[in-house]
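Examination of the molecular architecture
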Amino acid sequence: MIKKLSTTLLPDPKRVILLPFELNEVRTKRIVKMVSSLEENEVQKILSRIIQEFSRRHRDFEKIIFSNYLRIEKHLPKPVSITNDRKLLLGSYFSKEYSICSAALFNPSIVVHPDQSGIYKDSLRFVMSLRATGEGHISSIVFREGVIDKNSNVSLNTVSRYSTLPEYTKLRSEEIKHKKNNYVNRALITIKDLLDSNYNCSFSENNPIGERVLFPHSKSECVGMEDARFVKFIDRDEQTYFGTYTSYNGRSFRTQLIKTKDFQNYEIGTLHGKAIKDKGMALFPRRISNKFVMTSRQDSENILLMSSNDIYCWNNAKVIKKPDFPWEFIQMGNCGSPIETDAGWILLTHAVGPMRKYVISALLLDLENPSNVIGALNKPLIEPDDQEREGYVPNVVYSCGSITHKENLIIPYAYSDSACGFAKVEIKKLLKKIKGNTIENK
């Protein structure tokens, strides 16, 4: 029933960003003192070599290293007057390249691209998000663009070697006031915590989507922005893309929400409430009975359904599916936002069984009462094959979202927490298999 496609996405160590290279105050002052003692001709000679070696690897190279100079400018002796070349050289000493996906590129989601112009009839342009993992196992969110052709085959746009970080902006005073009223008073979140984990950022329109990187920015996500589940959400004829992701600081995690209309400008906010537990929350693509609805896994075992009047505050949750089959006895969870069909909501699921083997399967939920499970596949839809089971975490297939094209469901999926493949299945055949196996709601 399922057909795996030939398109793949592999980790690429050439995709690098420029980050500040942070050292303690004593070392910083020592380096500043040594660079300040260099003769000007030596400064120009060293800087020229640095620009020749690194500038072609980054957009706005000199602008970035100058911004890193500004971070340590306070450590220069006062009063001081130095040339721009020396500032750039100092900035280079406190800059480093970071390979964002040298270790893994996995856990994809996929949505319809906001721009459908200039493609062939019966084709569909899409945007994918992926979890990219590099040195220190730090995870960021990266994007790829591509097209599904008239035969439901997938092709990916060629990307440049550049990877670009956004410009960050502080919350406006009215945003702080609104979030204070809605978060701090209801969720035991301090103002300091709120300002740290809620922020806005934007990319230049000259940077293609495939170059844009959402890298950990706040303290609450300093070790990772993990497993974004994007969905195209339609509300009162207005289109917005939302993405839930796991924010991890090395000790604890929380669920955050990304909001964007164009994949250029982003708002990052914190989800809160009694039902915000565990990971892997996925938003339905529209309101149901005038409420926002999400599916989640709050107890590391079962699939739950959540509903709320406020997209940022969730207090109600109900178990709708417990493990029934041997291949899902350990735990279950969603594989991204549900897909709407005339027959109901198709919810792709992941499940874990013997030997910690992950598989992908599917449920069918009632359209207007999605807590009612109409049916479930009685065997996995996607399992890791011999080529996919080897990797950073063996024997895993996993997805954070799928998309419909004509009569097919297109599923990007990660294998062994390392790389990504694609599969497609005819929706009618999938529905027939699901509806042929009704289950009792748990």
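The model shown is predicted, which means the values in this text are computed figures rather than measured ones. (Residues numbered from 1 in each chain as written. Predicted model: local features only at pLDDT ≥ 70, side-chain atom pairs only at ≥ 80, totals over all residues. Heavy atoms only, no water.)

1. A word on the overall build of the protein
Secondary structure summary: the protein contains seven helices and 27 strands in total. Computed over its C-alpha atoms, the radius of gyration of the protein comes to 24 Å, within 12% of the 22 Å expected for a compact globule of 442 residues. The C-alpha extent of the protein, read off along each of the three principal axes, is 80 × 50 × 45 Å. Across the 442 residues in the protein, those meeting the buried criterion constitute 54%. (Helix = DSSP H or I, 4+ residues; strand = E, 2+ residues; numbered from the N terminus. Rg over C-alpha atoms; globule rule 2.2 N^0.38 Å. Buried < 20%, exposed > 50% of the residue type's maximum accessible area, 1.4 Å probe, protein only.)

2. What to know about the packing of helix H1 (residues 25-36) against helix H4 (residues 84-93)
Contact geometry for H1 and H4: axes closest at 10 Å, N-to-C directions at 145 degrees. Relative to H4, H1 is oriented so that their crossing is right-handed. Taken together, the residues of H4 that come into contact with H1 (itself represented by Ile31, Val32, Val35 and Ser36) are Arg86, Leu89, Leu90 and Tyr93. The class makeup of the residues in the contact of H1 with H4 is six nonpolar, one polar and one charged. (Axes fitted to C-alpha atoms, helices over the stretch in contact; angles between N-to-C directions. Left-handed = near helix turned anticlockwise from the far one by under 90°. Contact = heavy atoms within 4.5 Å. Nonpolar A, V, L, I, M, F, W, Y, C, P; charged D, E, K, R; others polar.)

3. Quick look at the sheet that holds strand S15 (residues 279-283)
With respect to topology, four strands assemble into an open sheet ordered S15-S16-S17-S18, the strand pairing being antiparallel. Either end of the sheet is taken by a strand with one partner, and the two such strands are S15 and strand S18 (316-321). Strand after strand, the sheet turns through a mean of 30 degrees between neighbouring axes, direction not considered. As paired strands, strand S16 (residues 292-297) and strand S17 (residues 303-308) are joined by five bridges and run antiparallel to one another. Directly across from Val293, in S17, lies its bridge partner Ser307. (Pairing = 2+ DSSP bridges.)

4. Examining the environment of His272
Considering the arrangement of structural elements, one finds His272 in the loop between strand S14 (265-270) and S15. His272 sits 69 residues away from Thr341 along the chain, and the two C-alpha atoms are 30 Å apart.

5. Considerations on the packing of aromatic side chains
Evaluated as defined, the whole model comprises 14 aromatic pairs. With a centroid separation of 5.8 Å and an interplanar angle of 65 degrees, the aromatic rings of Tyr168 and Tyr199 are classed as edge-to-face. Of this pair, Tyr168 sits in strand S8 (residues 167-169) while Tyr199 sits in strand S9 (residues 199-202), and the two are 31 residues apart along the sequence. Note on Tyr168: relative accessible area 29%, which makes it partly exposed. Here Tyr199 falls in the buried class, since its relative accessible area comes to 5%. A centroid spacing of 4.8 Å and a plane angle of 50 degrees characterise the contact between Tyr241 and Phe263, whose relative ring orientation is tilted. Here Tyr241, found in strand S12 (residues 238-248), pairs with Phe263, found in the loop between strand S13 (253-260) and S14; they are 22 residues apart in sequence, far enough to count as distant. (Phe/Tyr/Trp six-rings, centres within 6.5 Å; stacked < 30°, edge-to-face > 60°.)

6. Some thoughts on the pairing of S14
Across four bridges, S9 lies against S14 in antiparallel orientation. Following the sheet pairing, Ser202 is matched in S14 by Asn265. Direction of pairing for S13 relative to S14: antiparallel, over a ladder of five bridges. Note on S14: the bridge partner recorded for Leu257 is Gly269. Between S13 and the antiparallel strand that follows it, S14, lie four residues; Phe263 among them carries a positive phi value of about 60 degrees.

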